[in-house]
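So you can see what is in the structure, the chains are spelled out below.
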Amino acid sequence: MEVTTLTIPQNDLKAGYLAHRREIDEAIRQTLDSGWYILGRQVAGFEQEFAAYLGAAHCIGVANGTDALTLALRACGVGAGDAVITVSHTAVATVAAIELAGAVPLLVDIDPATFTISPQAVENAVKKHRGEADLKAIIAVHLYGHPAEMAAILEIARRFELRVIEDCAQAHGAKLGKQRVGTFSDIATFSFYPTKNLGALGDGGAVVTNDAELAERVRLLREYGWRERYVSEVAGMNSRLDELQAAILRVKLKALDEDNERRRRIARIYDERLAATPLQLPKPKGEASHVYHQYVVRSGERDRLQARLKEQGIGALIHYPVPVHLQPAYRNRAPISLPETERAAREVLSLPMFPQLTEEQTEQVCQTIINQVN
């Protein structure tokens, strides 16, 4: 008999709130009492603290991660008719942002081991399209908490004079060596959607850069192009991180490293207990420090495994079941074949992963999988 109520959810947002309830409630109260609700002290404080955490010079809070990408592209001079290289195995927001900036996405394949953008696929795309399109930028998505291969991407970008944007929506706190993601490229973006490693209790996003000129452009663009109130120097938009969400994020930022370490401990249990199964498990590559936004396994029997877990009250999700280039809104563009992306969409499954997941619950997930696949 199928269980309709999950005893072990894939994620538990309420547990994340309850873990910091006293501090969050107090931060909300102080913000409400302040009487200032847009671009005030909480946003300014969060921008300073998040930039310092990352080791970046500038952080600009915006309304959500999609806007962050759109603003970053526009700040880099990407606009109508320009081409931007990125992946199809990502949240559709990455591609939507390119089109919101007026540009054209050029979708390339992934590294099958890390699910992140393939440097060789990027180079092939640059060489193929250089004479056909006005190539301007590469968006490297740090997917599932694993960093993309930034050294290789940056080398290609320098050689062909392209801007590089990091999409860090799933990689808050991840590192390559000793350096945090979001600080390698010209400009980087973050989402603070509630499910993220650093999540608000609503929408939120940020743009991060070490380039003062790019930072100033983003600040102008996020609020109608205003430097002086009511006077638009450029044609901007309205995309502001609000004070309440900034206050919540300031609380949760203090716990980010601890929460990420809890994710790693859960991942180590999965690694050890599932090592003898036929599942392909995630393995950090090179100097990458994985923060396990998702713990993603691969299985040729993915759908059966997901159904069996659900029967036992265990939530597991598919990130992402349909690659962007095959979705109804995009599939009638120029047809492309991305074999590794399409194979991943058939095989990936995200197991339960959130900091409050207990060892007992993790063990139950593992034993259910072992009983199913062995």
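Preceding block: the structure.
Calculation rules
- Residues numbered from 1 in each chain as written.
- Predicted model: local features only at pLDDT ≥ 70, side-chain atom pairs only at ≥ 80, totals over all residues.
- Heavy atoms only, no water.
- Pairing = 2+ DSSP bridges.
- Helix = DSSP H or I, 4+ residues; strand = E, 2+ residues; numbered from the N terminus.
- Axes fitted to C-alpha atoms, helices over the stretch in contact; angles between N-to-C directions.
- Contact = heavy atoms within 4.5 Å.
- Buried < 20%, exposed > 50% of the residue type's maximum accessible area, 1.4 Å probe, protein only.
- Polar contact = N/O pair within 3.5 Å; in protein donor to acceptor, adjacent residues only side chain to side chain.
- Salt bridge = Lys/Arg side-chain N within 4 Å of Asp/Glu carboxyl O.

**Quick word on the sheet that holds strand β8 (residues 187-191)**
Working step 1: Taken in spatial order, the 7 strands make up an open sheet running β1-β9-β8-β5-β4-β2-β3, and their pairing is mixed. Edge strands, defined here as strands with exactly one partner in the open sheet, are β1 (58-62) and β3 (104-108). Looking at each pair of strands side by side, their axes are set apart by 25 degrees on average, direction ignored.
Working step 2: Pairing between strand β2 (residues 82-87) and strand β4 (residues 134-141): 4 bridges, direction parallel. Its bridge partner lying in β4, Val84 is registered against Ala137.
Working step 3: Packing against the sheet, helix α3 (residues 41-54) makes contact with β1, β8 and β9 (205-209), and its axis sits at approximately 130 degrees to β1.

**Description of helix α8 (residues 212-222)**
In an α-helix, one full turn covers 3.6 residues, which means residues spaced three or four apart are oriented alike.
Working step 1: Residues Leu214, Ala215, Val218, Leu220, Leu221 and Arg222 constitute the buried set of α8.
Working step 2: The opening residue of α8, the one whose side-chain oxygen lies 2.9 Å from the backbone nitrogen of Glu213, is Asp211.
Working step 3: At the C-terminal side of α8, Tyr224 shows a positive phi close to 60 degrees.

**Thoughts on the pairing of β1**
Working step 1: The buried count for β1 comes to 5 of 5 residues, which makes it a mostly enclosed element.
Working step 2: The alternating pattern of β1 places His58, Ile60 and Val62 and Cys59 and Gly61 on opposite faces, both of which are buried.
Working step 3: Sheet topology places β1 next to β9; 5 bridges connect them, and they run antiparallel. Paired with Gly61 across the bridge in β9 is Ala206.

**Brief notes about the pattern of salt bridges**
Working step 1: In the structure shown here, the tally under the stated rule is 31 salt bridges.
Working step 2: Linking Glu261 and Arg268 is a salt bridge whose minimum nitrogen-to-oxygen distance equals 3.2 Å.
Working step 3: The exposure class assigned to Arg268 is partly exposed, which follows from its relative accessible area of 39%.
Working step 4: Each of Glu123, Lys127, Glu155 and Arg159 takes part in a single network of salt bridges with overlapping partners.

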